[in-house]
Amino acid sequence: MDEYNRFVDWDKMDVTVQSQDAKELTCTEFQELKQLARQGYWAKNHSLRAKVYHKLISNIPCRTVTPDANVYRDIVVKIVGKRNSSSLPLPEFVDNSLVPTYCLNAEGIGAVRKIILCIANQFPDISFCPALPSVIALLLHYSKDEAECFEQVCRILACNDPSRRLIDQTFLAFESSCMTFGDLVNKYCQAAHKLMVAVSEDVLEVYSDWQRWLFGELPMVYIARVFDVFLVEGYKVLYRVALALLKFFHKVRAGQPMESDSIQQDVRAFVRDIAKSVSPERLLEKAFAIRLFSRKEIQLLQMANEKALQQKGITVKQKRLVLLLNYCFSMFCIVFLRQNVHLAVHAENFKSEIVSVKEMRDIWSWIPERFALCQPLLLFTTLEHGCSLSRFYSHSEGHEPTLLLIKTTAKEVCGAYLSTDWSERRRGGNKLSFFGTGECFVFRLQPEVERYEWVIIKHPELATTGSEPENHASPASSTLSSGSVPADPSDRLSPFLSARHFNLPSKTASMFMAGSSECIIIGGGDGQALYLDADLNHGRTSHCNTFNNQPLCSESFQISVLEVWGFRD
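Residues numbered from 1 in each chain as written. Predicted model: local features only at pLDDT ≥ 70, side-chain atom pairs only at ≥ 80, totals over all residues. Heavy atoms only, no water.

*Asks:* Can you walk me through the pairing of strand β10 (residues 556–568) in this structure?
*Replies:* For a regular strand, the rule is simple: side chains alternate between the two faces of the sheet. In terms of strand pairing, strand β1 (residues 375–381) meets β10 through six bridges, oriented antiparallel. Paired with T381 across the bridge in β10 is E563. Bridge count between strand β2 (residues 402–408) and β10: six bridges; the pairing is antiparallel. Bridge assignment links L405 to a residue of β10, and that residue is E563. (Pairing = 2+ DSSP bridges. Helix = DSSP H or I, 4+ residues; strand = E, 2+ residues; numbered from the N terminus.)

Structural data, given as structure tokens:
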């Protein structure tokens, strides 16, 4: 069809979607490029897409010494020799079982392996990069020869712009991206997340597939459309599309029996056969309809997750040792490691007078992934330490985050995940002032399970600078909504993150919790606010009916047991 057809098996391609209308791309402005990419301006013209890819990739800022096409020509014979390219062994940083062909011909399939081996030779610092085979296979469609494809992939790998993340190349980066995706699912796909928690023993094992859905399971025409936008907008696009896939999976499969014994396999099968239910255009439309955090905010969340993994000693070096010990069992070892890390609530050493092991595991599935690495540690219980607010503070301070559990005399069970150390309450002096972040949430376990999203996150239109909330809002919600919220939301730290972790001004953090010698207030979740008196015997709730949620518990209640849990490494 054109000069970029050397590696393509056109008999396997749907040529009816290809247009040969002459098109040119003359714009250079980012916003215009972004719109054209999202609209699929070059999606139906093979030659134009190849030229656009070449232009976009050539503009990626790279390390001074980045391997080019001439390097490939120099080393390929030396590395590959006379071996059959279709049976070349792959380096251990890619998943040998996941090398998509994307309608490539025999020469193209062999070229994928040759290019991977040459990249391994030139990038010895790559320790884990499962997306690489897919990227190479895709770019071969739009390359004149192997050397050109090699050069384009090298430029993507060698990007040295710290604000522009492209492809994960270490186990630490990959694993933290899985945790970050889990955090995003927890916030943006709650119905799907609830399903995953219900049918999977280890939900993060399912979410660890998120890159595989894109770079492995998605059909060629879909991943090409995603890649169009990815080259313009960057890594955030991948999160968007993966979230959209999960939303569609839940919409299509909700209420239906599982097709296999594994939800992980069911999601993979759905993505492979996505053409039966969703078009590429509809998938992207759904992805960009998600009001996701900014690139900077997601980077901060990723940093926090990487830091948590490093503190746990989960590093690339460990991953590589596992692979070297026994490559055949590498993926088993990864899964085993992840299960031991993330199933932190063990029945044999967990005891609570309020919740069961299963209920605690349900709560653990809601908390940020970086803290799900930890085990629960009982800090305070009224049964042992008495009903003293001062003792509550003394046992809770110095721990961040904490989990508050309450059982009422009416057998109701509710609680809150609190992101910030209670010692922060002293910043306001004797004045009751709010602190905390939007990672905080309140929940109910009995009589039925319900997690309440923070009102400013779920309803950002209420977080207007200097405006008063409506009269029916709770006092806690009033304090939240009238707090210091910058006019430009892109300039403030995401409510996901604790400002103190990044040495940012406290005014950039959102407010959620408050404490004094007289009371504790935890408020804001979908209009829910929780008040505890100084004697820790009585409490009350305030409920804003705006969002039609059931109240957290009785409007006024007596506390039977109260527990505070910390997070132990």
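*Asks:* When you look at the nonpolar core in this model, what are you seeing that I'm missing?
*Replies:* Soluble globular proteins tend to bury their nonpolar side chains together. One finds W42, I119, I136, I156, W210 and W213 to be the most contacted residues of the largest nonpolar core, which totals 119 residues. Sequence-distant contacts of W42, that is, excluding residues within four places in its chain, are made with L25, L33, L36, A37, L48, R49, V52, Y53, D228 and V232. Residues F380, I406, C553 and F557 belong to the second largest nonpolar core, which totals 28 residues. (Core = buried A, V, L, I, M, F, W, Y, C linked by side-chain atoms within 4.5 Å. Buried < 20%, exposed > 50% of the residue type's maximum accessible area, 1.4 Å probe, protein only. Contact = heavy atoms within 4.5 Å.)

*Asks:* Explain unusual backbone geometry to me, please; I cannot follow it from the model alone.
*Replies:* Geometrically, the link from E400 to P401 is a cis peptide bond, its omega value of 0° lying close to zero. Here P401 shows up in the loop between α20 (389–396) and β2. In the segment running from Q446 into P447, the intervening peptide bond is cis, with an omega of 15°. Checked against the element boundaries, P447 lands in the loop between β4 (441–446) and β5 (450–452).

*Asks:* Is there a simple way to think about the packing of aromatic side chains in this case?
*Replies:* Two aromatic rings, taken as a pair, are described by how far apart their centres are and by the angle between their planes. The full count for this structure, using the stated rule, is 26 aromatic pairs. Taking the centre distance of 5.2 Å and the plane angle of 75° together, the rings of Y53 and Y142 count as edge-to-face. Placement of Y53 in helix α2 (residues 46–58) and of Y142 in the loop between α5 (132–140) and α6 (146–157) is noted, with a sequence separation of 89 residues between them. Just as Y53 is buried, Y142 falls in that class too. Consider the rings of W210 and Y239, whose centres lie 4.7 Å apart with planes at 15°: the pair is stacked. (Phe/Tyr/Trp six-rings, centres within 6.5 Å; stacked < 30°, edge-to-face > 60°.)

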